[in-house]
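# Understanding the architecture of this molecule
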Amino acid sequence: MSTESAVRESVSQAASTVGSVWPLHSFVTANPLAGFEDRPFHEATARAEALLGGDGYPSVDVFRRAWETGQIDADVLRTHLADHGYDADPETLLGRMAAAQSGETRASVGSEPTADTATDRVDAVLTKWLAAFLDQGQAAWSMPNREEGFYAAFRAAAPYDSRIPDRTAIADLPDEPIDAIRERLSECPVGRWTEVFEFQLAALPGWTGFIKQRAADEGAWQSRYPITLVGYLAVRLTLVDLFDAPLEPTATSDADADDADADENAIPLPELWLRAWEATYRRELVDRLTDASAAHARESGVQDDQSGVQDDRPDAQLVFCIDTRSEVLRRHIEAAGNYETHGYAGFFGIPMRYTGYGSKVTVDACPPIVDAQHRITERPAEGRTAERDEHERWHGVASAARTVVKDLRSNAATVFSFVESAGLGYGASLAARTLLPSRVYDLFEAVDERVVDDHEFCEASFDPETGSSHELPAGLTLEERVEYAATAFELLGWEQFARVVVFAGHGSQTTNNPFESSLDCGACAGNAGGPNARVLAQICNDEAVKSVLRDRGFDIPTDTVFLAAEHNTTTDDVELYAGPGDVPASHAPDVERLRADLAAARAGAAAERVGADGDRAALREVERRAADWAETRPEWGLAGNAGFVIGPRALTEGLDLDGRAFLHSYDWRTDADGDALEAILTGPMVVTQWINSQYYFATVDNAVYGSGSKVTQNPVGNVGVYQGNGGDILGGLPLQSLMSGADEPYHQPLRLSTVLHAPVDRVTDVLTDHEKLVELLDNGWLSLTVVDPTQGHRAFNYAGELEWTGATETATAAEAAPTAAPEASVADD
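About the cut-offs
- Position numbers for residues start from 1 in each chain and track the written sequence from start to end.
- In keeping with the model being predicted, local features are shown solely for residues with a pLDDT of at least 70 and side-chain atom pairs are shown and tallied solely at 80 or more, while totals for entire chains, interfaces and linings include all residues.
- Only hydrogens and water are set aside; all other atoms, that is, all heavy atoms of the structure, feed into the side-chain values.
- Think of it this way: DSSP has to see at least two bridges between two strands before they count as a pair.
- Secondary structure counts use DSSP, requiring at least four H or I residues in a row for a helix and at least two E residues in a row for a strand, with both numbered from the N terminus.
- Throughout this description, the term nonpolar core refers to a set of buried Ala, Val, Leu, Ile, Met, Phe, Trp, Tyr and Cys residues connected via side-chain atoms within 4.5 Å.
- For each residue, the accessible area found with a 1.4 Å probe, counting protein chains only, is set against the maximum for its type, and the residue is called buried under 20%, exposed over 50%, and partly exposed in between.
- Between two residues, a contact is recorded if the distance between any of their heavy atoms is within 4.5 Å.
- Two rings from Phe, Tyr or Trp (for Trp, the six-membered ring) form a pair when their centres are within 6.5 Å of each other. A pair whose planes differ by under 30 degrees is stacked, one over 60 is edge-to-face, and the rest are tilted.
- Any Lys NZ or Arg CZ found within 6 Å of a ring centre and within 35 degrees of that ring's normal is scored as a charge over the ring.
- Here, axes are lines fitted to C-alpha atoms. For helices the fit covers the stretch in contact, and angles between N-to-C directions go from 0 to 180 degrees.
- Within 3.5 Å is the distance limit for a polar contact, defined as a pair of N or O atoms, with the added protein rule that one can donate a hydrogen and the other accept it, and that residues adjacent in sequence qualify only through two side-chain atoms.
- Put simply, a crossing is left-handed when the front helix is turned counterclockwise from the back one by less than a right angle, and right-handed when it is turned clockwise.
- The residue classification treats Ala, Val, Leu, Ile, Met, Phe, Trp, Tyr, Cys and Pro as nonpolar and Asp, Glu, Lys and Arg as charged. All others, Gly included, are polar.
- In what follows, salt bridge is the name for a side-chain nitrogen of Lys or Arg lying within 4 Å of a carboxyl oxygen of Asp or Glu.
- For this quantity, the arc is that covered by the directions from the helix axis to the C-beta atoms.

### Regarding the pairing of strand 19 (residues 803-806)
Relative to strand 19, strand 18 (residues 794-800) runs antiparallel, the two sharing four bridges. What sits directly across from Gly800, in strand 19, is Glu803. Where strand 18 folds back on strand 19, the antiparallel hairpin that results is connected by two residues, among which Glu801 adopts a positive phi of roughly 55°.

The following block contains the structure:
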């Protein structure tokens, strides 16, 4: 192997120690320990602690509160402990864990970074140049030579940095970063290069995780201003040499890492406490679902091995994202009228790169595990000239005003006079936004009602482009549109269509919140899901598409109209994209009735979420949170997530799951070949596991895997946040998204419990074809329970190595030694 190949191979191996970090404007909730998922969970957390310094389990105080409040069942806990040789009582074991933690100091976030050691000084200089190079439009003056790449730009600018010792040596660096790395490692054996790179990448995991993601994504910023981990390491190793900082881990660090790998067969106490907590939650959830499954079979009069269609046609069917926040609203919508609600991944199966009307920004509106396949651009629809002209007038005036204000504020000749003349107006605005945020919300809503939004006159362009050299094709062919619609209906298991079908994406509404995109749709890569909903509704309304779908067996009535909507998860308002040209006159009464019922459902959901006394008070409170720029917690996002239920709505209809479960619709009876099930397990289940892991780790150690308090954060370069005025960017969730008090988690740090309604042998068939899913399950990153409608609605827990055990009253069957049953690898209780 050549030296260059050896460097690249070692860098690639070392990069798995840091998780990918997405830019702040497109926040993706990913597992920060994704590179360790090939190890059992307890081994992975131990290894990550040795490399990154992060705790892998909740504190003793958190476990104690869960035990004392009944969130951990005493019998379940004792059984788990006894199965692994711990016979002491739980209180004694808590004391033992507390003693083990007493010598450790859980890190805190919020203090300004210091520069005491040589490595600290390397980090201080390097992060300054990274922030300058990786800026995405925030800086008024950009770093020169960025288009040549990070390594070249650093070589050109760093000789003028007085903080670098012997900075004149930088001018003598080789032209290629590979050569610079080779020179710095000339006395280090090739066999130790991966260890060196791991050590250096783990020093700033936020920045290196961002570089890793940006290089892999190959987006517009990367194309224009390229940076790679090889280029980063060339600069870092140069600074390490100039500051005489350690190149490799110390002997103590080596010993810690060895200890993390040594007891790979020993299950630590915190792992057993966590399993018992999860088993307690899972048992309650599964018991409710098995009861609902049996009751649904009895009430419908349909045998478990037959298909059936409901006689009553709902007034409307609404398809929401599987997001946990939809669960609350869906219950209230169903209580408001004859409505069906369903769950589907929030990008609605359209892997698109989207450009809104008049926008200069394109976004990949699909999960990070899916590559965008199409370019979709919005354009004015025929016959909407008046709405377009009104939109242009409003936005033209607003854009001109913003440009004038920016010029006046930044021009040296006008800045002081501008401040003097505009100060009174700014002061009044500041006072109103601080003291009367609800009134400010009303004002913005009133203005918004007068402004014509682009969705009122635009539609997605599906037309191809001839002669384009773009990497992605423009538009969608008829065949592609049919497939996306058919896939949606197959995954939903639909055999019946209402007069009105609504695809509802979701987004958030907050003010002065750098983490706003973390509250938007995770399936849309931290973007609002309304555009995806509009595209699918437009596809399904196409008569050519409907005709082909009917030929394929989808009985879509001629009176069915598909609409799009967007669920505002902060205020629970559902905006129907249903203008005069979108709704036939025959359906206008249906839509107006739906609007009224959505408003009633919104009030009920808001009251449940905020605990206010009365619907009106609840609505005012959520509106205040959306408009208050001092509000650090406008909504809880997906905090509390613990379960993922895959099955028909009848399983969860009427159940209050407390906004803690992702809900994906699925009907095993309409999926004979298992294709829909395979798509759900390999797509949405993986994404929900990412989301769950992000919330878990940011809760158990916010200093390492989160980003600390919003109050002390400083955004940098539109890509991340600092605590203080520099250092590593913090890629995880802030404290206010997770904690209700200083030491009291609102989010219960549990790994995801997936519950699936399907024949267990069909699930086994899917898992057999996907080693990555089996790896996640075998290594304990999530659990899987199957409620089998063909076996008396019994529940079976995945027990490892493609085998199952019957769920028992103590919820410990997953710990028992499994015995394969003849047909489905299922063991009886």
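The discussion continues.
### Some thoughts on the nonpolar core
One finds Trp273, Phe489, Phe503, Leu756 and Val763 to be the most contacted residues of the largest nonpolar core, which totals 141 residues. The element that contributes the greatest number of residues to this core is helix 14 (residues 269-300), accounting for eleven residues. The residues touching Val763, leaving out its near neighbours within four places in the chain, are Leu677, Leu681, Leu756, Ala758, Leu784, Val786 and Trp804. Val125, Tyr151, Ile178 and Ile227 belong to the second-largest nonpolar core, a separate cluster that totals 57 residues.

### Considerations on the packing of aromatic side chains
Applying the stated rule across the entire model yields 29 aromatic pairs. An angle of 75° between the planes, with centres 4.9 Å apart, marks the rings of Phe41 and Trp781 as edge-to-face. Here Trp781 lies in the loop between helix 28 (771-778) and strand 17 (782-788) and Phe41 lies in helix 2 (residues 41-52), a separation of 740 residues in the sequence. With a centroid separation of 5.8 Å and 15° between ring planes, the pair formed by Phe489 and Trp494 is classed as stacked. Three or more aromatic residues joined by ring pairs form one cluster here, namely Tyr344, Phe348, Phe489, Trp494, Phe497, Phe503, Phe554 and Phe562. Over the aromatic face of Tyr225 sits the side chain of Arg146, whose NZ or CZ is 3.9 Å from the ring centroid. Over the ring of Phe41 we find Arg751, and its NZ or CZ is 4.5 Å from the ring centre.

### Digging into the sheet that holds strand 7 (residues 500-507)
An order of 2-1-7-8-9 is seen for the five strands of this open sheet, with the pairing classed as mixed. In this open sheet, the two strands that pair with only one neighbour each are strand 2 (339-344) and strand 9 (574-577). Along the sheet, successive strands turn relative to each other by an average axial angle of 25°, direction set aside. Alignment of strand 7 against strand 8 (residues 561-568), held across eight bridges, turns out to be parallel. Looking at the pairing, Phe503 lines up with Ala564 of strand 8. Together, strand 7, strand 8 and strand 9 form the strand contacts of helix 20 (residues 530-541), whose direction differs from that of strand 8 by roughly 175°. Sitting on the sheet, helix 22 (residues 588-610) touches strand 1 (316-321), strand 2, strand 7, strand 8 and strand 9, and the angle it makes with strand 9 is about 165°.

### Thoughts on the side chain of Gln713
Relative to the helices and strands, Gln713 is located in strand 12 (residues 713-716). Owing to a relative accessible area of 8%, Gln713 belongs among the buried residues under this scheme. Within polar-contact distance, the side chain of Gln713 engages the backbone oxygen of Ser707 at 3.0 Å. Discounting residues that sit within four places of it in the chain, Gln713 has contacts with Phe515, Ser707, Gly708, Val721, Tyr722, Gln723 and Pro734.

### A word on the packing of helix 8 (residues 177-184) against helix 12 (residues 229-242)
It is the contact of helix 8 with helix 12, at a shortest axis distance of 8 Å, that shows an interaxial angle of 40°. Between helix 8 and helix 12 lies a crossing of left-handed hand. For the pair helix 8 and helix 12, contact is made by Pro177, Ile178, Ala180, Ile181 and Arg184 and by Val230, Gly231, Leu233, Ala234, Leu237, Thr238 and Asp241, respectively. Its residues assigned to classes, the contact of helix 8 with helix 12 comprises eight nonpolar, two polar and two charged.

### Brief notes about the pattern of salt bridges
Enumeration over the complete set of coordinates arrives at 44 salt bridges. Residues Glu271 and Arg751 are paired through a salt bridge, measuring 3.1 Å at the closest nitrogen-oxygen approach. With a gap of 480 residues between them, Glu271 in helix 14 and Arg751 in the loop between strand 15 (744-745) and strand 16 (752-757) connect regions that are remote in the sequence. Across the pair, Arg751 and Glu271 agree in class, each one buried. Here Glu327 ties to Arg331 by a salt bridge, and the two come within 2.7 Å at their closest N and O atoms. Taken as a pair, Glu327 and Arg331 lie in helix 15 (residues 324-336) at a separation of four residues, close to a single helical turn. By the burial criterion, Glu327 is buried, and Arg331 matches it. Here the salt bridges share partners, and the residues they tie into one network are Arg313, Arg499, Asp559, Asp590 and Arg593.

### Quick word on helix 8
If you check which residues of helix 8 are buried, you get Pro177, Ile178, Ala180 and Ile181. Taken around the axis of helix 8, the buried residues stretch over an arc of 160°, which confines them to a single face. Those residues of helix 8 that are buried are in contact with helix 1 (3-14), helix 7 (150-157), helix 9 (193-201) and helix 12.

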